[in-house]
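Here's the letter readout for the chains.
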Amino acid sequence: MDFGSTQWSRILALGGADEDRRGELLRDLADRYWPPIYAWLRRKGHPPSDAEDLTQAFFLHILEKRTLDGIAGRERGSFRAFLLTCLRNFVSSERRGRRAARRQPGRRMLSVDGLEASLAADESGREPDQEYQYQWARRVVELALAAMAERLVADGRTESFRLFEAHLQHRLTTGTALSRRELAARFGRTEKQVDNQLQTLRREFRLRLEAVVLQSVDDEGAFDEEIRELREYLDPK
């Protein structure tokens, strides 16, 4: 298992990076990980505008030299757990007035409307840490699906991806699987063809999922824990 290039190594490489490179990493970090950060803040009771500002300020904080120095000297493992610890500390320092949350003038780094609507409609009653874990798993799945879509579309297998996406999203949304008959009718296949395709596509998806997880851990124990958490999200029953 190759842990050579992870979010840890990318961040630690920023010690002597120029402003452009740091900005590039900031955008990448925010794109990948803002949903669980924002959702945690909202579950903590921060209004949407404050949660958005705090989320953006948090990622700027992560790239500060003193934060990077702290990362270099700590035991690592799960980037997910590290970000949550950093977020708690960051919010505590905000409360003590050590810094002011700020949005860069003229820029909106995040597009929170979709997630905000989802949180508003959600009736699960998840606590902040539970919401963070849930949104983290959801984001990992989104990234894996995007990578899978890119590959399958490039191979001329767009309909196969759409079949798998319909199967997966229905399961995540309802907790139940679409019947083979429904999928076969929707995508113009026989039930046997659907079965065969789903077996192949599940393997493909598992590989994409593992590739995303590998980017956020730096040892096998942390990898196994992340995969366990994802299985609970993908198969809550």
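What you see is a predicted model, and the numbers here were worked out from it, not measured in a lab.

**Student:** I tried to follow the layout of surface pockets on my own but got confused; where do I start?
**Tutor:** The calculated volume of the largest pocket comes to roughly 430 Å³. As for the largest pocket, its lining consists of 15 residues, and the residues nearest its centre are Arg202, Phe205, Leu209, Arg231 and Leu234. Contributing elements (two or more residues each) for the lining of the largest pocket: α8 (158-174), α10 (191-214) and α11 (220-234). With five residues, the single largest contributor to the lining of the largest pocket is α10. When its residues are assigned to classes, the lining of the largest pocket shows eight nonpolar, one polar and six charged. Here the second largest pocket is characterised by a volume of approximately 310 Å³. Surrounding the second largest pocket, 16 residues form its lining, Tyr134, Ala137, Glu229, Glu232 and Tyr233 being those nearest its centre. Of the residues in the lining of the second largest pocket, the class split is seven nonpolar, three polar and six charged.

**Student:** Where do I start with the environment of Tyr132 in this structure?
**Tutor:** Summarising the element assignment, Tyr132 is placed in helix α7 (residues 128-154). For the pair formed by Tyr132 and Leu84, sequence separation is 48 residues and the distance between their alpha carbons is 8.0 Å. Beyond its immediate chain neighbours, meaning those up to four positions away, Tyr132 contacts Pro36, Ile37, Trp40, Arg80, Leu83 and Leu84.

**Student:** Before we go on, may I ask you to explain the nonpolar core in this structure?
**Tutor:** Judged by nonpolar contacts, the single largest core of 63 residues is most densely connected at Phe58, Phe59, Leu83 and Phe205. Once residues lying within four places of it in the same chain are set aside, the contact partners of Phe59 are Leu26, Leu29, Ala30, Tyr33, Trp34 and Ile37.

**Student:** Would you mind showing me how to read the side chain of His167 here?
**Tutor:** Its place among the elements puts His167 in helix α8. Ignoring sequence-local partners within four residues, the contact set of His167 consists of Leu183, Leu198 and Arg202.

**Student:** I would appreciate a short explanation of α7 in the present structure.
**Tutor:** Between the first and last C-alpha of α7 there are 39 Å, a value that for 27 residues agrees with the 39 Å anticipated at 1.5 Å per step. Backbone geometry just after α7 places Gly156 at a positive phi near 75°.

**Student:** Help me understand the packing of aromatic side chains in this model?
**Tutor:** Aromatic ring pairs are defined here through the distance separating the ring centres and the angle between the ring planes. Tallied over the full model, the rule gives nine aromatic pairs. Considering the side-chain rings of Tyr33 and Trp136, the 4.8 Å spacing of their centres and the 5° angle between planes classify their relative orientation as stacked. You can see Tyr33 sitting in helix α2 (residues 19-43) and its partner Trp136 sitting in helix α7, a full 103 residues away along the chain. Accessibility assignment for this pair places Tyr33 and Trp136 in one class, buried.

What counts and what doesn't
Residues numbered from 1 in each chain as written. Predicted model: local features only at pLDDT ≥ 70, side-chain atom pairs only at ≥ 80, totals over all residues. Heavy atoms only, no water. 1 Å grid on protein atoms, 1.4 Å probe; cavity = no way out; pocket = protein on both sides within 12 Å on 5 of 7 lines; lining within 4 Å. Points joined across faces, edges and corners; volume = space filled by probe spheres on them. Helix = DSSP H or I, 4+ residues; strand = E, 2+ residues; numbered from the N terminus. Nonpolar A, V, L, I, M, F, W, Y, C, P; charged D, E, K, R; others polar. Contact = heavy atoms within 4.5 Å. Core = buried A, V, L, I, M, F, W, Y, C linked by side-chain atoms within 4.5 Å. Buried < 20%, exposed > 50% of the residue type's maximum accessible area, 1.4 Å probe, protein only. Expected span 1.5 Å × (residues − 1). Phe/Tyr/Trp six-rings, centres within 6.5 Å; stacked < 30°, edge-to-face > 60°.

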